[in-house]
Amino acid sequence: IDYITDIYGKDKQKKGARLIYHSSGIPPNVDNRTMAMLMDSYARKGDHNLGEPVRHFILSFSRWDSPKLTDELMTRIWLEFLTRMGYKDTENILARHKSAKNPHMHGLTTRVDSKGNVVSNSFEEGRAARRNQRHAGQGQPVGQGRAERS
């Protein structure tokens, strides 16, 4: 959490990093240590022995999209991403990193939902790739044109 919020201000690339969303189980304005303890507590709910109870995602955008990327839009994209990836009803946070050359956000989510069920990460890369294809090029799937071969 310190990394995504850049609490120590060591990385000039992350200057302006800030939390823009937190789920209902994470109180507003808590320090990073408390937030980490809460996320860990939610992630270990139930009788599970997960090696990776919390997932970290980075969603990046084109620098040309930067003027359109409001906190509200980034939050909507994050919540849609979580739903499509199967992370429904989980505790999560989202931090926006301000960078003119590389606008992006970091999100953390638990792999255990509010009922104590484990969210599978088995086919995560494929789901993320399909999600990105649907959103690339103003809603047009990537790779649907003619393939060039050499």
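About the thresholds
Residues numbered from 1 in each chain as written. Predicted model: local features only at pLDDT ≥ 70, side-chain atom pairs only at ≥ 80, totals over all residues. Heavy atoms only, no water. Salt bridge = Lys/Arg side-chain N within 4 Å of Asp/Glu carboxyl O. Helix = DSSP H or I, 4+ residues; strand = E, 2+ residues; numbered from the N terminus. Buried < 20%, exposed > 50% of the residue type's maximum accessible area, 1.4 Å probe, protein only. Pairing = 2+ DSSP bridges. Axes fitted to C-alpha atoms, helices over the stretch in contact; angles between N-to-C directions. Contact = heavy atoms within 4.5 Å. Core = buried A, V, L, I, M, F, W, Y, C linked by side-chain atoms within 4.5 Å. Polar contact = N/O pair within 3.5 Å; in protein donor to acceptor, adjacent residues only side chain to side chain.

Engineer: Can you lay out the pattern of salt bridges for me, pointing to particular residues and giving the numbers?
Structural biologist: Counted according to the given criterion, the structure contains 6 salt bridges. The residue R18 makes a salt bridge to D71 at a minimum N-O spacing of 2.5 Å. In this pair, R18 sits in strand β1 (residues 18-22) while D71 sits in helix α3 (residues 71-85), placing the two residues 53 residues apart along the sequence. Relative accessible area serves as the criterion here: at 21%, D71 is assigned to the partly exposed category. Across the salt bridge formed by E52 and R55, the nearest N and O atoms sit 3.1 Å from each other.

Engineer: Can you lay out the sheet that holds strand β4 (residues 104-110) for me, pointing to particular residues and giving the numbers?
Structural biologist: The strand order across the open sheet built from 4 strands is β1-β3-β4-β2, with neighbouring strands paired in antiparallel fashion. Pairing within the sheet leaves two strands with one partner each, and these edge strands are β1 and β2 (54-60). Direction aside, neighbouring strands of the sheet carry axes that sit 20° apart on average. Sheet topology note: the strand β3 (residues 92-97)/β4 ladder contains 6 bridges and is antiparallel. When the bridges of β4 are listed, I93 appears paired with L108. Along the sheet face, α3 touches β1, β2, β3 and β4 and points at about 135° away from the line of β3.

Engineer: Can you explain the environment of P67? Please cite residues and give values.
Structural biologist: Following the sequence through the fold, P67 ends up in the loop between β2 and α3. Sequence spacing of P67 and A100 is 33 residues, and the spatial spacing of their C-alpha atoms is 9.4 Å.

Engineer: I'd like a rundown of the nonpolar core, residues and numbers included.
Structural biologist: The biggest cluster of nonpolar side chains holds 15 residues, and the ones touching the most others in it are W78 and M105. Where this core is concerned, the elements lending two or more residues are β2 and α3. For this core, the element with the highest residue contribution is α3, accounting for 6 residues. Discounting residues that sit within four places of it in the chain, M105 has contacts with F57, I58, L59, F61, M74, I77, W78, L94, A95 and R96. I26, M35, M39 and I93 belong to the second-largest nonpolar core, a separate cluster that totals 7 residues.

Engineer: Please give an account of the environment of E91 that cites residues and values.
Structural biologist: Among the secondary structure elements, E91 is positioned in the loop between α3 and β3. Taking the C-alpha atoms as reference, E91 lies 6.2 Å from G25; in sequence the two are 66 residues apart. Ignoring sequence-local partners within four residues, the contact set of E91 consists of S23, S24, G25, I26, M39, Y42, L108, T109 and T110. A polar atom in the side chain of E91 sits 2.5 Å from the side chain of S23.

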